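# Observations on chain architecture
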Amino acid sequence: MNSRSSFRTCLALRHVAFEDLGTLEPLLRDRGFQIRYAQPGFPWFSVEEWLAADLCVVLGGPVGVGDTELYPYLKTELDWVRSRLACQRPLLGICLGSQMMAHALGSRVYPGTAREIGWGAVSLTEAGRLSPLRHLEGIPVLHWHGDTFDMPAGARLLASTEITPHQAFCVGNNALALQFHPEADVARMEEWLTGHACELMAAGTDIPGLRAASVRHGALLADRAALCMNEWMEGAGL
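Residues numbered from 1 in each chain as written. Predicted model: local features only at pLDDT ≥ 70, side-chain atom pairs only at ≥ 80, totals over all residues. Heavy atoms only, no water.

### Here's the deal with the overall build of the protein
The helix and strand inventory of the protein stands at eight helices and 10 strands. In terms of overall dimensions, the protein is globule-like: its C-alpha atoms have a radius of gyration of 16 Å, near the 18 Å expected for 238 residues. Counting only C-alpha atoms, the protein reaches 45 × 40 × 35 Å along its principal axes. Counting every position in the protein, which comprises 238 residues, the buried fraction comes to 52%. Of the contacts formed within the protein by residues at least 6 apart in sequence, a portion of 72% connects residues at least 24 apart. Each charge class in the protein can be summarised by its mean position, and for the 19 positive and 26 negative side chains these summaries are 5 Å apart. (Helix = DSSP H or I, 4+ residues; strand = E, 2+ residues; numbered from the N terminus. Rg over C-alpha atoms; globule rule 2.2 N^0.38 Å. Buried < 20%, exposed > 50% of the residue type's maximum accessible area, 1.4 Å probe, protein only. Contact = heavy atoms within 4.5 Å. Lys, Arg positive; Asp, Glu negative; His and termini not counted. Charge placed at Lys NZ, Arg CZ, Asp CG, Glu CD.)

### Details of the sheet that holds strand S4 (residues 91-94)
Across the sheet, which stays open at both edges, the eight strands sit in the order S2-S1-S3-S4-S10-S9-S8-S6 with mixed pairing between neighbours. Edge positions in the sheet fall to strand S2 (33-38) and strand S6 (123-124), since each of these pairs with one other strand and no more. The pairing of S4 with strand S10 (residues 175-178) spans four bridges and is parallel. Along S10, the bridge assignment pairs Ile94 with Leu178. Packing against the sheet, helix H4 (residues 96-104) makes contact with strand S3 (55-58), S4, strand S9 (168-171) and S10, and its axis sits at approximately 120 degrees to S4. (Pairing = 2+ DSSP bridges. Axes fitted to C-alpha atoms, helices over the stretch in contact; angles between N-to-C directions.)

### Brief notes about the pattern of salt bridges
Per the counting criterion, the structure on display carries 11 salt bridges. A salt bridge links Arg188 to Asp20, with the shortest nitrogen-to-oxygen separation between them at 2.9 Å. Of this pair, Arg188 sits in the loop between S10 and helix H6 (189-195) while Asp20 sits in the loop between strand S1 (8-13) and helix H1 (24-30), placing them 168 residues apart in sequence. Classification of Asp20 as buried rests on a relative accessible area of 10%. Notably, a salt bridge pairs Arg115 with Glu199, separated by 2.7 Å at the nearest N-O pair. Separated by 84 residues along the polypeptide, Arg115 in strand S5 (residues 109-120) and Glu199 in helix H7 (residues 197-203) bring together distant segments of the chain. The class for Arg115 is partly exposed, based on a relative accessible area of 46%. Glu199 gets classed as partly exposed once you look at its relative accessible area, which sits at 21%. A network of salt bridges, in which partner residues are shared, links Asp20, Arg188 and Glu191. (Salt bridge = Lys/Arg side-chain N within 4 Å of Asp/Glu carboxyl O.)

### Examining the nonpolar core
In this structure, Leu55, Leu92, Leu133, Trp144, Leu176, Met229 and Met233 are the most contacted members of the largest nonpolar core, which totals 49 residues. With nine residues, the single largest contributor to this core is helix H8 (residues 207-235). If we ignore the near neighbours within four places in the chain, the residues touching Leu55 are Thr9, Cys10, Leu11, Leu28, Phe33, Arg84, Pro90, Leu91, Trp232, Met233 and Leu238. (Core = buried A, V, L, I, M, F, W, Y, C linked by side-chain atoms within 4.5 Å.)

### Examining the confidence of the model for the protein
Residues shown with low pLDDT carry predicted positions that ought not to be read at fine detail. Chain-level statistics for the protein give a pLDDT mean of 95 and a share of 97% at 70 or above. Low pLDDT, under 50, characterises residues 1-5; the stretch is placed with 10 contacts to residues that sit more than four places away or in other chains. (pLDDT = per-residue confidence, 0-100.)

### Considerations on helix H3 (residues 73-86)
Taking 1.5 Å per residue, 14 residues should reach 20 Å; H3 reaches 20 Å between its end C-alpha atoms and fits that length. Within H3, the full set of buried residues consists of Tyr73, Leu74, Glu77, Leu78, Trp80, Val81, Arg84 and Leu85. Down the axis of H3, the smallest arc covering the buried residues is 160 degrees, so these residues share one side. Where H3 ends, the next residue or the one after it, Gln88, has phi of about 55 degrees, a positive value. (Expected span 1.5 Å × (residues − 1). Arc of directions from axis to C-beta.)

### Some details on the side chain of Ser214
If you trace the backbone, Ser214 turns up in helix H8. On the basis of relative accessible area, Ser214 is assigned to the buried category, the value being 1%. A polar contact is formed between the side chain of Ser214 and the side chain of Trp119, at a distance of 3.0 Å. Not counting residues within four places of it along the chain, the set of residues in contact with Ser214 comprises Trp119, Val186 and Met189. (Polar contact = N/O pair within 3.5 Å; in protein donor to acceptor, adjacent residues only side chain to side chain.)

### Observations regarding the packing of H3 against H4
Packed helix pairs are specified by the crossing angle of their axes together with the interaxial distance, meaning the distance between the axes. Following both chains from N to C, one finds H3 and H4 inclined at 70 degrees, their axes separated by 9 Å at the closest point. Compared by their axis directions, H3 and H4 come out roughly perpendicular. Relative to H4, H3 is oriented so that their crossing is right-handed. On the side of H3, the interface is formed by Leu74, Glu77, Leu78, Val81, Arg82 and Leu85, while H4 contributes Met100, Met101, His103 and Ala104. Of the residues assigned to the contact of H3 with H4, the class counts are seven nonpolar, one polar and two charged. (Parallel < 35°, antiparallel > 145°, perpendicular 65-115°, else oblique. Left-handed = near helix turned anticlockwise from the far one by under 90°. Nonpolar A, V, L, I, M, F, W, Y, C, P; charged D, E, K, R; others polar.)

If you want it as structure tokens, here you go:
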């Protein structure tokens, strides 16, 4: 363990049990973070804990930013994201988390032109090639989303795909939003394939093909995501 980081805390908002920090969890623990999760239906953090944490992460899930009337806890989460951004404390948003960050920064979140599920590379912008995402250039990452967002004012676009022009953005060095899933642990992919079975069948996804692609690409993504996240955390003072 890195002694300089032995008292640091990472708080993660998780929406379904199998979409957790994945391959990023051992990375964070190796950097000395104590990790705590909150999930709908279970005890949550206090606002004070959320704002005091060294790092906060908002993970993915099958709900959408616009579902606040159906899932009122999303209103609380959006307030927390706004407060974290306002105080410029390190915040990572993945998939739904990135959409919450965009919404909290005043941007529209809406259904994309097509559901993007599967493995594929992102195209980095010039800013992206100068950012920690440079470690992901040219390698397949896992996409699993139907919604997208407009770029927030003052944010830097880092990555795009043909289906989703706004795949990643940052605000300064402390806020990173990723529409794709760098944390995907392919050793647990069967949980994703089962947990999202209805969505996959409705989308006409080739489930055996997705399973096979996960086996092919998962190890490389884990290695590169570790490089990416380590560099981002260094830049964020973590």
